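# Observations on the three-dimensional arrangement
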Amino acid sequence: LHLTRPLPPGICLDGRSGGVVAVYSADDTFKRAKTSDAVTFCGQSLPSWLEARNLTAGDIWAEPEEAALATDLWAAQLFRKCGRPEDVEGYWDVSSFSRDDFLRSTRFSLK
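Below is a summary of the structure that appears in this document.

Scoring rules and cut-offs
Residues numbered from 1 in each chain as written. Predicted model: local features only at pLDDT ≥ 70, side-chain atom pairs only at ≥ 80, totals over all residues. Heavy atoms only, no water. Salt bridge = Lys/Arg side-chain N within 4 Å of Asp/Glu carboxyl O. Helix = DSSP H or I, 4+ residues; strand = E, 2+ residues; numbered from the N terminus. Pairing = 2+ DSSP bridges. Core = buried A, V, L, I, M, F, W, Y, C linked by side-chain atoms within 4.5 Å. Buried < 20%, exposed > 50% of the residue type's maximum accessible area, 1.4 Å probe, protein only. Contact = heavy atoms within 4.5 Å. Polar contact = N/O pair within 3.5 Å; in protein donor to acceptor, adjacent residues only side chain to side chain.

### With respect to the pattern of salt bridges
The final tally for this structure, using the stated rule, is 9 salt bridges. Two residues, Arg-16 and Asp-14, come together in a salt bridge whose shortest N-O distance is 2.9 Å. Two residues, Arg-32 and Glu-66, come together in a salt bridge whose shortest N-O distance is 3.1 Å. Taken as a pair, Arg-32 in the loop between strand E2 (20-25) and strand E3 (40-41) and Glu-66 in helix H3 (residues 64-69) lie far apart in primary sequence, 34 residues in all.

### With respect to the sheet that holds strand E1 (residues 11-15)
Ordered by their spatial adjacency, 4 strands build an open sheet running E1-E2-E5-E6, and the pairing between neighbours is antiparallel. Only two strands of the sheet have a single partner each, and these edge strands are E1 and strand E6 (107-108). For E1 and E2, the ladder comprises 5 bridges, and the chain directions are antiparallel. Directly across from Ile-11, in E2, lies its bridge partner Ser-25.

### Some thoughts on the nonpolar core
Val-23, Phe-41, Leu-46, Trp-49, Ile-60, Trp-61 and Leu-78 are the most contacted members of the largest nonpolar core, which has 32 residues in total. Elements with a minimum of two residues in this core: E2, helix H1 (46-52) and helix H2 (57-60). With 5 residues, E2 is the largest single contributor of residues to this core. Not counting chain neighbours up to four residues away, the residues in contact with Trp-49 comprise Phe-41, Cys-42, Gln-44, Leu-55, Leu-78, Tyr-91 and Phe-97.

### Overview of the side chain of Asp-72
Among the structural elements, Asp-72 can be located in the loop between H3 and strand E5 (79-81). At 3.4 Å, the side chain of Asp-72 and the side chain of Arg-32 are in polar contact. A polar atom in the side chain of Asp-72 sits 3.2 Å from the backbone nitrogen of Trp-74. Setting aside anything within four residues of it in sequence, one finds Asp-72 in contact with Phe-30, Arg-32, Trp-61 and Glu-66.

The quantities given are spatial measurements derived from coordinates; they are silent on function.
Below, the structure is given as structure tokens:
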């Protein structure tokens, strides 16, 4: 996978088995937070990240209880196989994000 732009400061790419790429920020909240507003993903609040991409907590958590809390990134199905640069860049650049592609893809959590 060859990105068309350099990684923003603090963004990490973690290649996993099967071509899955975990994209996150060094400042993200991977331990369960007290509130959803306290969760950081890709360097921004998770509620803001979701809203900018027209997603809901129910789109990234398989369990309704987890979606209702929206406080545990370990269980969030945020990561997928990334075959195109846009698949990766959309995590930090909303203009590269395709909601339909994201929702159609098989996604994985870090759990």
